[in-house]
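What follows is each chain in one-letter form.
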Amino acid sequence: MSIGVFQTALTVDRLASVESLESLIRDAKEGLGFDRTISRRFVHRASVTEVFLTDATEAGADRFLVGAQLPRNHALYRPERTGQCDFMLLVETVRQAGIFLSHRFHDVPLGHHFIFKALSLHISDPAALRVGSGPLAAVLDVKVVTPVGGRNPRRFDARFDMVIEVGGRECARASAGVVVIDDVRYARLRQRGRTAETVRPAGREASAHGAPSGADDDRGVLRPVPVAEARTLPAGCGEWRLHVDPTHPGYFEHPSDHVPGMLLLEAFRQAARHAAGGVALASLDADFAVFGELAEAVAVEATSTGDGRVCLSATQGTRVLATAVARCG
């Protein structure tokens, strides 16, 4: 057999293999169930009503399919003004998928601590996410990327790259980077991260359920900067204080010893929308640096760049907790 014929044969075999794999994946997607949610323990939720995943299956080496049911309405996640489902509902579904796959397919023990290093979501087809007469059945096609080399039984590092489909249409892509550690390492990490610096306590005098000035609904988590601390900001910039209420049934659905990442992301969403004149988010790329302490004030800043992007940051004293870049519209 000549080299050319041999290479052609290999190409045909590869194509046949790819087509066979994609056929199996299509069948697996059709076989996902949406009639019940998974156990709340596997997504670190206290309430069954906060669980959005319904099923999962292995589709190949480090490739998984996850089923999710996105509710039409929810106490925390409500349809956008455009009619599409809440941006943060998709973010929470991505977060749950990363946690569940770690427990179910990568043997991460329950009780270990998940520390999200980065999370991004880009919506490509808003029409596919439009809320209709029933909940949306979503499929997350996930590839898990882990470091090369032996695995440490007390630490798990991974990145979850996801394609999100609704009704067979790709509507978004997401990625989540996480490190998972045991109790001993988590306690050491938290002890090292705490500082002796005293910062003005976060305002808890008002209920988180009451809409602050300028908020568009009762999920508002931003508060105006106190007059004594207000600065003169350039055009296109805004600054707020994060309202942290440990009794809030959504952002603190279960007890936490630090400011939850989802609360910071919601603050970024609200700050970006304010900077963009109320337009819904199309994408968000966030990086988490350090834990935020519950008893210290958090400043949230937004800066429009003029090219459709909004740069965001959350700081506590001199420490940067998280940064993000958002696009609206």
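See the structure shown above.
Residues numbered from 1 in each chain as written. Predicted model: local features only at pLDDT ≥ 70, side-chain atom pairs only at ≥ 80, totals over all residues. Heavy atoms only, no water.

Trainee: Just checking my understanding: could you explain the packing of helix α2 (residues 87–105) against helix α4 (residues 261–275) for this structure?
Mentor: Helices that pack against each other are described as a pair by the angle of their axes relative to one another and the distance between those axes. Interaxial distance between α2 and α4 falls to 11 Å at its minimum, and their mutual angle equals 155 degrees. By the angle between their axes, α2 is roughly antiparallel relative to α4. Between α2 and α4 lies a crossing of right-handed hand. Of the residues in α4, those in contact with F87, M88, V91, E92 and R95 of α2 are M262, L265, E266 and R269. (Axes fitted to C-alpha atoms, helices over the stretch in contact; angles between N-to-C directions. Helix = DSSP H or I, 4+ residues; strand = E, 2+ residues; numbered from the N terminus. Parallel < 35°, antiparallel > 145°, perpendicular 65-115°, else oblique. Left-handed = near helix turned anticlockwise from the far one by under 90°. Contact = heavy atoms within 4.5 Å.)

Trainee: Got a minute to help me understand α2 in this structure?
Mentor: An α-helix turns once every 3.6 residues. As a result, residues three or four positions apart point the same way. Across its 19 residues, α2 extends 27 Å between first and last C-alpha, which sits within 8% of the 27 Å expected from 1.5 Å per residue. With 18 of 19 residues buried, α2 lies mostly within the body of the structure. The distance from a side-chain oxygen at the start of α2 to the backbone nitrogen of M88 is 2.7 Å, and the residue carrying that oxygen is D86. Looking one or two residues past α2, D107 carries a phi angle of roughly 60 degrees, positive in sign. (Expected span 1.5 Å × (residues − 1). Buried < 20%, exposed > 50% of the residue type's maximum accessible area, 1.4 Å probe, protein only. Polar contact = N/O pair within 3.5 Å; in protein donor to acceptor, adjacent residues only side chain to side chain.)

Trainee: Just to check I follow, could you spell out the sheet that holds strand β6 (residues 169–181) for this structure?
Mentor: The strands making up a sheet are joined through hydrogen bonds of the backbone, oriented either antiparallel or parallel. Taken together, 12 strands build an open sheet; the order of strands is β1-β2-β4-β5-β6-β3-β9-β12-β11-β10-β8-β7 and the sheet is antiparallel. In this open sheet, the two edge strands, each paired with only one partner strand, are β1 (53–60) and β7 (222–224). Adjacent strand axes in the sheet meet at a mean angle of 25 degrees when their direction is disregarded. Pairing of strand β11 (residues 309–316) with strand β12 (residues 319–328), which is carried by eight bridges, proceeds in the antiparallel orientation. The partner of R309 across the bridge, within β12, is R327. (Pairing = 2+ DSSP bridges.)

Trainee: For this particular structure, what's the right way to read the pairing of strand β8 (residues 237–242)?
Mentor: Two faces, one strand: in a regular strand the side chains alternate between the faces of the sheet. By the criterion of burial, β8 is predominantly enclosed, with five of the six residues buried. Examined bridge by bridge, β7 and β8 share three bridges and lie antiparallel to one another. Looking at β8, one finds that R223 is bridged to R241. With five bridges connecting them, β8 and strand β10 (residues 299–304) associate as antiparallel partners. Along β10, the bridge assignment pairs R241 with A299.

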